[in-house]
Amino acid sequence: MQGHCDEYDYLYKVVLIGDSGVGKSNLLSRFTQNEFSLESRSTIGIEFATRTVDISGKTVKAQIWDTAGQERYRAITTAFYRGAVGALLVYDISRHNTFDNVSRWLAELRDNSDPNVLIILVGNKSDLRHLRAVSTEEAMAFAEKNNIMFIETSALDASNVDDAFMLLLTETYKTLSTFTP
Ligand code: GDP
């Protein structure tokens, strides 16, 4: 989705998906407010936050949507994905089952969004080195096979969080600006 007004050149809707507890809310608050919380606070329905960034001299407003994605919220799935130009598909490097579910999230995303949506696979909680259950190589191979980007982050120590969002937003900008006359 591209919008236009005085304050920004482009408005990009980006969605955060992945199992409950992988750190989606904290990635969102780290990127938009530079905040982290140790308490797991279940997202009720949908919430979003924004941050305005500069990409190639253009002002891009990223509107980032987060949801718990629980079964009882299935009714909002369509609204959640509508108009999204990018997605961060998050798993927790210390819980292999959250990585096993990535293919399910990918299928849901592809069923509900534009075929051109850009996707970055995000292995969060990289600070939990001693508890690592998903290797970087395994995740990288999955990303390559599915033609999506990949990065490991820590919302806790802020490592690679800006990079994850900026990589997605910059690639989105490159893709969309190709279609601008
Ligand atoms: P969500 O359900 O996917 O939105 O996950 P939350 O953002 O609520 O995080 C779930 C739990 O994981 C919380 O206790 C967070 O403090 C913790 N958490 C989130 N990100 C990280 C991280 O990068 N490292 C560590 N060690 N814990 C994290």
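Along each chain, the written sequence defines residue order, and numbers are assigned to residues from 1. Only residues with pLDDT of at least 70 get local features here, since the model is predicted, and only at 80 or more are side-chain atom pairs given and counted; chain-wide, interface and lining totals rely on the full set of residues. The basis for every side-chain value is the complete set of non-hydrogen atoms in the structure, without hydrogens or water.

Focus on the site of the ligand
So, step 1. Proximity is defined per residue: if any heavy atom of the residue lies within 4 Å of a molecule or strand, that residue is considered near it. Near the ligand there are 20 residues, and of these G21, N26, S37, D127 and A155 occur at the shortest range.
So, step 2. In the analysis that follows, any N or O atom pair within 3.5 Å is treated as a polar contact, provided that within protein one partner can donate a hydrogen and the other can accept it, and provided that, for residues neighboring in sequence, both atoms belong to side chains. The contact in question runs from an oxygen atom of the ligand to an N or O atom on the backbone of V22, over 3.3 Å.
So, step 3. At 3.0 Å, a side-chain N or O of K125 approaches an oxygen atom of the ligand.
So, step 4. Expressed as a share of its isolated accessible area of 580 Å², the protein-covered part of the ligand is 89%.
So, step 5. In this text, helices come from DSSP runs of H or I with a minimum length of four residues, and strands from runs of E with a minimum of two, each type numbered from the N-terminal end. The dominant element in the shell around the ligand, judged by the number of residues it contributes, is helix α1 (residues 24-33), at 3 residues. Computed with a 1.4 Å probe, the accessible areas rest on the Shrake-Rupley method; for each residue, only the protein chains presented here act as cover.

Brief notes about the nonpolar core
So, step 1. Of all hydrophobic cores here, the largest spans 28 residues; its most connected members are I64, L88 and L169.
So, step 2. Elements that contribute at least two residues to this core include exactly β1 (10-18), α1, β2 (46-55), β3 (58-67), β4 (86-92), β5 (118-124), β6 (149-152) and α6 (161-178).
So, step 3. Element by element, the count of residues in this core is highest for α6, at 6 residues.
So, step 4. Note on contacts: a residue pair is in contact if any heavy atoms of the two residues lie within 4.5 Å. Not counting the four nearest positions on each side in its chain, I64 is found in contact with V14, L16, L28, F31, T32, E47, F48, A49 and F165.
So, step 5. Core analysis: the second largest hydrophobic core is formed by 24 residues, A84, F99, I119 and L121 among them. Think of a nonpolar core as a cluster: buried Ala, Val, Leu, Ile, Met, Phe, Trp, Tyr and Cys residues, connected wherever their side-chain atoms sit within 4.5 Å. Three labels apply to residues, based on accessible area from a 1.4 Å probe with only protein chains included: buried if under 20% of the type maximum, exposed if over 50%, partly exposed otherwise in between.

Overview of helix α5 (residues 136-145)
So, step 1. Listed in full, the buried residues belonging to α5 are A139, F142 and A143. Down the axis, α5 shows its buried residues gathered within 100 degrees of arc, on one side only. Opposite the packed face of α5, turned more than 90 degrees from it, sit the exposed residues E137, E144 and K145.
So, step 2. Among the structural elements, β4, α3 (96-100), α4 (102-112), β5 and β6 are those in contact with the buried residues of α5.
So, step 3. Two residues or fewer after α5 comes N147, characterised by a positive phi angle close to 60 degrees. Summarising the geometry, the arc corresponds to the directions from the helix axis toward the C-beta atoms.

Describing the confidence of the model for the protein
So, step 1. Known as pLDDT, the predictor's per-residue confidence is scaled from 0 to 100. Per-residue confidence for the protein averages 88 on the pLDDT scale, and 86% of its residues sit at or above 70.
So, step 2. Across the interfaces of the predicted complex, the ipTM metric reaches 0.99, alongside a pTM of 0.91.

Examining the environment of G21
So, step 1. Take G21: it is sitting in the loop between β1 and α1.
So, step 2. G21 sits in the partly exposed class, given a relative accessible area of 34%.
So, step 3. Sequence separation of G21 and V90 is 69 residues, and the distance between their C-alpha atoms is 9.9 Å.
So, step 4. Setting aside chain neighbours within four positions, we find G21 in contact with D92, R95 and K125.

Observations regarding the pairing of β4
So, step 1. Most of β4 is tucked away: 7 of the 7 residues are buried.
So, step 2. Here β4 shows a buried face lined by G86, L88, V90 and D92 and a second buried face lined by A87, L89 and Y91.
So, step 3. When DSSP finds at least two bridges between two strands, those strands are taken to pair. Of the strand pairs in this sheet, β1 and β4 are connected by 5 bridges, and their pairing is parallel. Among the inter-strand pairings, I17 is bridged to a residue of β4, identified as L89.
So, step 4. Of the strand pairs in this sheet, β4 and β5 are connected by 7 bridges, and their pairing is parallel. Each bridged residue has a counterpart across the sheet, and for V90 the counterpart in β5 is V122.

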